Amino acid sequence: MTEPTSTATRLTVAQALVRFLAAQYTERDGVRRRLINATWGIFGHGNVAGLGQALLEYGEEMPYHQGRNEQSMVHAAVGYARQSNRLSTQAVTTSIGPGATNLVTGAALATINHLPVLLLPGDIFATRPADPVLQQLEVPYAGDVSVNDCLRPVSKYFDRITRPEALIPAALQAMRVLTDPVDTGAVTLALPQDVQAEAYDWPEEFFAERVWTVRRPVADPEELAAAVRAVREARRPLIVAGGGVHHSEAEDALKEFADLTRIPVASTQAGKGSLTWDHPADVGGIGHTGTATACELARTADLVIGVGTRYTDFTTASGTLFSAQGVRFLNLNIAPFDGHKLSGQPLIADARTALESLTQSLAMHGHRAEPAYVTEYTDDKERWEYRVDAAYEAEDLDIRPTQPQVLGLLDEIVTKDDILINAAGSLPGDLHKLWRARSRDQYHVEYGYSCMGYEIPAAIGVRLAAPDRPVWALVGDGTYLMMPTEIVTAVQEGIAIKVVILQNHGYASIGGLSETVGAERFATAYRHRSEDGTYTGRPLPVDLAANAASLGMRVLRAKTVRDLRAALAEARAADTPTCVYVETETADRVSGAPPAQAWWDVPVAETATRPSAVKARDEYDRRVATRRRHL
């Protein structure tokens, strides 16, 4: 007599979770991908016996990466997710206490940028046999609170698994959010350390392969008709391409729309590369760090067509940029929250489907921008490119390069295959204004959270997602000192990222901002203290190149423009992790990057005795008076 087949499998909660994650897939446009590609982890008493053992048990099903810092592991996972068009991501597991709270910054970055990442922090005992346990935060008024609750406001979904059977609905909800094109971001499943190791009889259906369709919602017919009317009535329309263009893989659809209508396309930091730089309709970055061409078009636009953009303060120049009388907004966005911003006319749909529908409808009417308008922005774009050339040019090859000249030398050697990663400091501004994006995903600047320290771990994640492409992490010295530790991971795993360290002796970007707001560059330089107590003495004798070398990276030092050209070429050809180190020159001797073409609101002291602050406040009052609310 044959015994009945069991329909349950006895596993620990951690083992069940790993097996479940290994069976999850996404599908969009008929292409299937694994949803959780791998798990990053640092083990402690809160996860070593649970998820640590489970990852060992099921190593063939779930690849594992060893990290050095919990925050940077999230950055690596986010870099992987962005490069994968949000269709695949990675998980991150930590112990309780400081390991868990180190996730918060990375989680905020992921959620703000609408990028999926799964966080699996260990938690205190659910059964409370010993109270408090090591690293536990005691909250006298609530016994069910732990430090992991810090992750609630920065997570799109949060649950604490206090019973084994609670994992089933929580895991399914976590996958739903990770694959939701509107609500995705950081997802946190807090896992008490005793529950992780507890066994339970799991239904086999829990481990069945599950495919999550990433939907492409189409536009409502009435909203589409209204959008077509708005475009046809506009005389000076301008497209603002945001990160949603990339998330939707709508670049070809945008190109077809621009080819048909000849409406100019400006881009946010997240949207740069939506059109390649040499497309006739591409007018470059918009806003505070944008080009003169794009910003002037924005000031005179009568219709702003936002495609997948959140309209941040850098894009709108803190509400001062779109200043034409009667200007209106048409917002193509998959998220209703963003589609209704600036009192805009919403077109709630996937970016690709909405653009395809708009193109088809406008083609029926033979609609195109007025020739004089096209000539105007084409000529302006040509003039801007001369300014880029001037910033990149280095006539003397035997002097230290400026930061724009570093970008110019990179511009000489990269192809459409290269990917550049940056996040903070003065580089995002120079890149947004100057960089000539050659492909849809070459430009990877994280500017939703602008997190110092993102670049190196994100480069590792990007390289894991695109193993055959050159990946560059561009960092200033301030950013490098925030989080260089994942260099060790790159060396350990043989992940051939290229790190360019620009030594400028401090927080150069904030130093410049400090000067404009009357704070006189206070405490923004990496220097010894002077007799007056300020940081204006000799530069600190910090050797960042030696530091990178001590972590196992091959380092190429460059002192001049000539040296740097050779070093960058050598680094690009390298098949091991390689660093190029260069001390940059200030832009007072040679042409630097063009100044900001639009304002950014950083409030200035309303009362002060120092002349610099008084002068800065006068300028602030003049600027803030130009702000408008679009109603």
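Before reading on, note that the structure itself is shown above.
Residues numbered from 1 in each chain as written. Predicted model: local features only at pLDDT ≥ 70, side-chain atom pairs only at ≥ 80, totals over all residues. Heavy atoms only, no water.

1. Observations concerning the sheet that holds strand β23 (residues 578-583)
Okay, so step 1: Within the open sheet, the six strands sit side by side as β19-β18-β20-β21-β23-β22. Their pairing is parallel. Edge positions in the sheet fall to β19 (443-445) and β22 (554-558), since each has one partner strand and no second. On average, each strand axis in the sheet is tilted by 20° relative to the strand beside it, whichever way the strands run.
Okay, so step 2: The pairing of strand β21 (residues 498-503) with β23 spans six bridges and is parallel. Bridge pairing in β23 places Ile-501 opposite Tyr-581.
Okay, so step 3: In the packing of helix α23 (residues 561-573) onto the sheet, the strands contacted are β20 (471-476), β21, β22 and β23, and the crossing angle to β22 comes to about 160°. (Pairing = 2+ DSSP bridges. Helix = DSSP H or I, 4+ residues; strand = E, 2+ residues; numbered from the N terminus. Axes fitted to C-alpha atoms, helices over the stretch in contact; angles between N-to-C directions. Contact = heavy atoms within 4.5 Å.)

2. Let's talk about the sheet that holds strand β15 (residues 303-307)
Okay, so step 1: Strand order across the open sheet formed by six strands is β14-β13-β12-β15-β16-β17, with parallel pairing between neighbours. Looking at strand neighbours, the two that pair on one side only are β14 (282-285) and β17 (345-348), the edges of this open sheet. Each strand axis lies, on average, 20° off the axis of its neighbour in the sheet, ignoring direction.
Okay, so step 2: Looking at chain direction, strand β12 (residues 237-241) and strand β13 (residues 265-267) are connected through three bridges and run parallel. The residue of β13 that forms the bridge with Ala-241 is Ser-267.
Okay, so step 3: Sheet strands in contact with helix α8 (residues 221-233) are β15, β16 (328-333) and β17, and its direction is about 130° off that of β17.

3. Overview of the pattern of salt bridges
Okay, so step 1: The tally for this structure, following the rule as stated, stands at 38 salt bridges.
Okay, so step 2: The closest approach of N and O atoms between Arg-235 and Glu-370, which form a salt bridge, is 3.2 Å. Placement of the pair is Arg-235 in the loop between α8 and β12 and Glu-370 in the loop between α14 (351-365) and α15 (371-392), with a sequence separation of 135 residues.
Okay, so step 3: Connected through shared salt-bridge partners, Asp-29, Arg-216, Asp-350 and Arg-352 make up one network. (Salt bridge = Lys/Arg side-chain N within 4 Å of Asp/Glu carboxyl O.)

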